[in-house]
Protein chains: 2
Amino acid sequence: MFEHQEDEPILVLDEDQIWSLLEGTQHGRLVTVVNGRADIFPINFAVQDRTLVFRTAPGTKLAEVAVAEQVLLEADGILSDQAWSVIVRGDAHRLETSAELASAESLGLVSWVPTYKDNYVRITPTELSGRHFRFGPYPERELGEGSEGG
Amino acid sequence: MFEHQEDEPILVLDEDQIWSLLEGTQHGRLVTVVNGRADIFPINFAVQDRTLVFRTAPGTKLAEVAVAEQVLLEADGILSDQAWSVIVRGDAHRLETSAELASAESLGLVSWVPTYKDNYVRITPTELSGRHFRFGPYPERELGEGSEGG
């Protein structure tokens with residue numbers, strides 16, 4: 001799935017690759033900025049029709065800020081020899097109609113805190129970016145050009 | 001290490017618990033805000049004298065923004081039945097003296113992108129927060145008071 005150009009440690013992901021990674025992930029981090037101050041919250045999310053949906057308790061700071069301004073959601077996966085990171089920038093809005101809520105309920109979302117939660121927030125992406133990283137030896141270790149290492 | 005009050009899904013971590021988790025982690029996400037716009041970058045970091053140090057390529061956006069404003073660093077760990085998340089708010093500055101650089105070099109930091117990097121940035125915390133989450137059944141599933149479930 002991740003075909004790097006030879007010797008390129010970073011692969012810029014396309015939209016399909018980004019959505020495929022987001023669909024296979026449930027944990028992410030939501031970044032909000034209110035009055036110039038950033039906050040970050042761990043969340044569980046689900047993908048629905050190329051939007052992201054998460055669930056939060058009513059009245060929490062998260063519920064308030066998530067709908068206040070543009071948000072970022074980051075998800076990543078880290079293995080010993082490779083990693084990926086995907087960032088979604090988008091507009092958040094709280095789901096309110098019964099059709100929207102029924103649709104969100106069907107996702108079976110759970111949140112990090114097992115308290116009763118009846119707010120759902122949907123993030124509609126305005127910008128997607130993703131990178132796949134192939135870890136390798138540092139160039140400091142390869143002083144000779146063309147060296148393939150051990 | 002994480003003693004929750006009975007039935008409390010969230011444990012607020014103290015400073016020692018937070019540093020212990022940060023010391024046992026190397027991957028995190030750096031959040032910067034420049035002109036009201038947030039960005040988030042996956043990074044590797046190390047703890048040194050209750051500060052956080054990371055390495056980045058000179059001339060990158062990350063190198064520029066990391067020293068421009070207050071930053072956040074988030075790290076988390078997620079298991080099937082529990083999770084933790086730690087957030088450090090702090091001031092970032094690029095290391096410049098040879099003593100500072102020698103000290104940072106000794107950490108053996110590697111970054112996600114294996115290119116030559118000679119910038120080190122240190123985050124001095126101004127605010128620490130951390131939570132440990134114990135996942136459990138949702139209250140919706142426990143309609144009878146005192147039910148212990150299965």
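Residues numbered from 1 in each chain as written. Chains lettered and ligands numbered in written order. Predicted model: local features only at pLDDT ≥ 70, side-chain atom pairs only at ≥ 80, totals over all residues. Heavy atoms only, no water.

As annotated in an unreviewed UniProt entry, chain A is Pyridoxamine 5'-phosphate oxidase family protein from Nesterenkonia massiliensis.

1. Side note on the overall build of chain A
Per the secondary structure count, chain A includes 3 helices and 7 strands. Scanning chain A from its N terminus toward the C terminus, one meets helices and strands in the order β-α-β-β-β-α-β-β-α-β. Taken over 150 residues, chain A has a buried fraction of 47%. Within chain A, counting contacts between residues at least 6 apart in sequence, those at least 24 apart form 69% of the total. (Helix = DSSP H or I, 4+ residues; strand = E, 2+ residues; numbered from the N terminus. Buried < 20%, exposed > 50% of the residue type's maximum accessible area, 1.4 Å probe, protein only. Contact = heavy atoms within 4.5 Å.)

2. Here we look at the interface of chain B and chain A
Between chain B and chain A, the contact holds 38 residues from the first and 38 residues from the second. Across the chain B/chain A interface, buried area totals approximately 3400 Å², and carbon plus sulfur atoms make up 68% of it. At the junction of chain B and chain A, the tally comes to 8 salt bridges. Across the salt bridge formed by Glu127(B) and Arg37(A), the nearest N and O atoms sit 3.3 Å from each other. On the surface where chain B and chain A come into contact, there are 9 residue pairs in polar contact (both at pLDDT 80 or more). Looking at the side of chain B that touches chain A, the elements that each hand over two or more residues are β2 (27-34), β3 (37-48), β5 (70-78), β6 (82-94) and β7 (119-134) of chain B. Looking at side-chain class alone, the side of chain B that touches chain A contains 22 nonpolar, 6 polar and 10 charged residues. (Buried area = accessible area lost by both parts, 1.4 Å probe. Salt bridge = Lys/Arg side-chain N within 4 Å of Asp/Glu carboxyl O. Polar contact = N/O pair within 3.5 Å; in protein donor to acceptor, adjacent residues only side chain to side chain. Nonpolar A, V, L, I, M, F, W, Y, C, P; charged D, E, K, R; others polar.)

3. Considering the pattern of salt bridges
If charged atoms from side chains of opposite charge come close, those side chains can pair. Using the criterion set out here, one finds 18 salt bridges over all chains in the structure. Between Arg29(A) and Glu74(A) there is a salt bridge whose closest N-O contact spans 3.0 Å. Residue Arg29(A) is located in strand β2 (residues 27-34), and its partner Glu74(A) is located in strand β5 (residues 70-78); the two are separated by 45 residues in the primary sequence. Accessibility classification places Arg29(A) together with Glu74(A) in one group, the buried group. When salt bridges that share partners are traced, they join Arg29(A), Glu74(A), Asp76(A), Arg29(B), Glu74(B) and Asp76(B) into one network.

4. Regarding helix α1 (residues 15-23) of chain B
All names here are of chain B. The set of residues buried in α1 consists of Gln17, Ile18, Trp19, Leu21 and Leu22. Among the structural elements, β1 (10-12), β3, β4 (51-56), β5, β6 and β7 are those in contact with the buried residues of α1. Where α1 begins, one side-chain oxygen reaches toward the backbone nitrogen of Asp16, 3.2 Å away; that side chain belongs to Asp14.

5. Digging into the nonpolar core
Residues Leu22(A), Ile43(A), Phe45(A), Leu52(A), Phe54(A), Val86(A) and Ile123(A) are the most contacted members of the largest nonpolar core, which totals 23 residues. For this core, the secondary structure elements donating two or more residues are α1 (15-23), β3 (37-48), β4 (51-56), β5, β6 (82-94) and β7 (119-134) of chain A. One finds Leu11(B), Ile18(B), Leu52(B) and Val121(B) within the second-largest nonpolar core, a separate group that totals 22 residues. (Core = buried A, V, L, I, M, F, W, Y, C linked by side-chain atoms within 4.5 Å.)

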